[in-house]
Amino acid sequence: MSLGFRVSGRIGKPVAEVFDAVVNPRKLSGYFTTIGGASAPLVAGAGVVWWGKVPVEVDEVEKDSRIVLRWDAADADGKPAYKTRIEMNFEPLDDGGTFVTIAETGWHEDAVGLKKSYLNCEGWSQMLACMKAYVEYGINLRDGYYRSEMRGEPASEDNI
């Protein structure tokens, strides 16, 4: 068994616009990967870099529906030891909005895995809030959100 979580939220825009806000590196960099950016669009089979240093493997992209990513999880020594799986689902709503669900799974069931999963749960929850503000109102909530970003550094476990 492994640790995982799921976060969800409604974005008041059509699914195509919300989906594009994740796969389009310019838009993603406007509210989530604000320091260091996103190196390329999310395309199945591609490798991209977020925040100028975090490698992300793109496993699946189903237009306006689903994105599956993998990235490194660290072991107790801080070295990449395995990958977690991120699945994003985009559900069009009758009111014209989109319900976004992000699930991340695959942490080892130990103290380090538990701690890292909690940190990432915070990060994905914050990403959804920032996406809502950016897509609906053009506001970058992430600007100055974490202490690290106030110093011009990407957020990480050690500097938020």
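This text goes with the structure placed above it.
Residues numbered from 1 in each chain as written. Predicted model: local features only at pLDDT ≥ 70, side-chain atom pairs only at ≥ 80, totals over all residues. Heavy atoms only, no water.

### Here we look at the packing of helix 1 (residues 15-23) against helix 3 (residues 111-137)
Each pair of packed helices gets described by two things: the angle between the helix axes and the distance between those axes. Two numbers describe how helix 1 lies on helix 3: the axes approach to 11 Å, and their chain directions differ by 120°. As far as their axial angle goes, helix 3 and helix 1 are oblique. In this structure, helix 1 crosses over helix 3, and the sense of that crossing is right-handed. Contacts between helix 1 and helix 3 pair Glu17, Val18, Ala21 and Val22 from the former with Met127, Met131 and Val135 from the latter. Split by residue class, the contact of helix 1 with helix 3 holds six nonpolar, no polar and one charged. (Axes fitted to C-alpha atoms, helices over the stretch in contact; angles between N-to-C directions. Helix = DSSP H or I, 4+ residues; strand = E, 2+ residues; numbered from the N terminus. Parallel < 35°, antiparallel > 145°, perpendicular 65-115°, else oblique. Left-handed = near helix turned anticlockwise from the far one by under 90°. Contact = heavy atoms within 4.5 Å. Nonpolar A, V, L, I, M, F, W, Y, C, P; charged D, E, K, R; others polar.)

### Topic: the packing of aromatic side chains
The full count for this structure, using the stated rule, is 11 aromatic pairs. On the basis of an interplanar angle of 25° and a centroid distance of 5.7 Å, the ring pair of Phe5 and Trp107 is categorised as stacked. Of this pair, Phe5 sits in strand 1 (residues 3-11) while Trp107 is found in strand 6 (residues 98-107), placing the two residues 102 residues apart along the sequence. Like Trp107, Phe5 is buried. Both rings, one in Trp50 and one in Trp51, keep their centres 5.8 Å apart while their planes meet at 90°; by these two values the pair is edge-to-face. Given a relative accessible area of 1%, Trp50 falls into the buried group. (Phe/Tyr/Trp six-rings, centres within 6.5 Å; stacked < 30°, edge-to-face > 60°. Buried < 20%, exposed > 50% of the residue type's maximum accessible area, 1.4 Å probe, protein only.)

### Topic: the environment of Leu93
Mapped onto the elements, Leu93 comes out in the loop between strand 5 (80-92) and strand 6. Along the backbone, Leu93 and Arg147 are 54 residues apart, and their C-alpha atoms lie at a distance of 36 Å. Residues in contact with Leu93, not counting those within four places in the same chain, are Arg10, Thr98 and Phe99.

### Thoughts on the nonpolar core
One finds Trp50, Met88, Trp124, Met127 and Met131 to be the most contacted residues of the largest nonpolar core, which totals 36 residues. Among the secondary structure elements, those contributing two or more residues to this core are strand 1, helix 1, strand 2 (47-50), strand 3 (54-62), strand 4 (66-74), strand 5, strand 6 and helix 3. Leaving out residues up to four positions away in the same chain, Met88 has contacts with Val22, Ser65, Arg66, Ile67, Leu69, Thr101, Ile102, Trp124 and Met127. (Core = buried A, V, L, I, M, F, W, Y, C linked by side-chain atoms within 4.5 Å.)

### Describing the state of the cysteines
If you walk through the whole model with that rule in mind, you get zero disulfides. In this structure Cys121 is not part of a disulfide, and its nearest cysteine sulfur, from Cys130, lies 15 Å away. For Cys121, a relative accessible area of 23% corresponds to the partly exposed category. Assessed through its relative accessible area of 1%, Cys130 is described here as buried. (Disulfide = S-S within 2.5 Å.)

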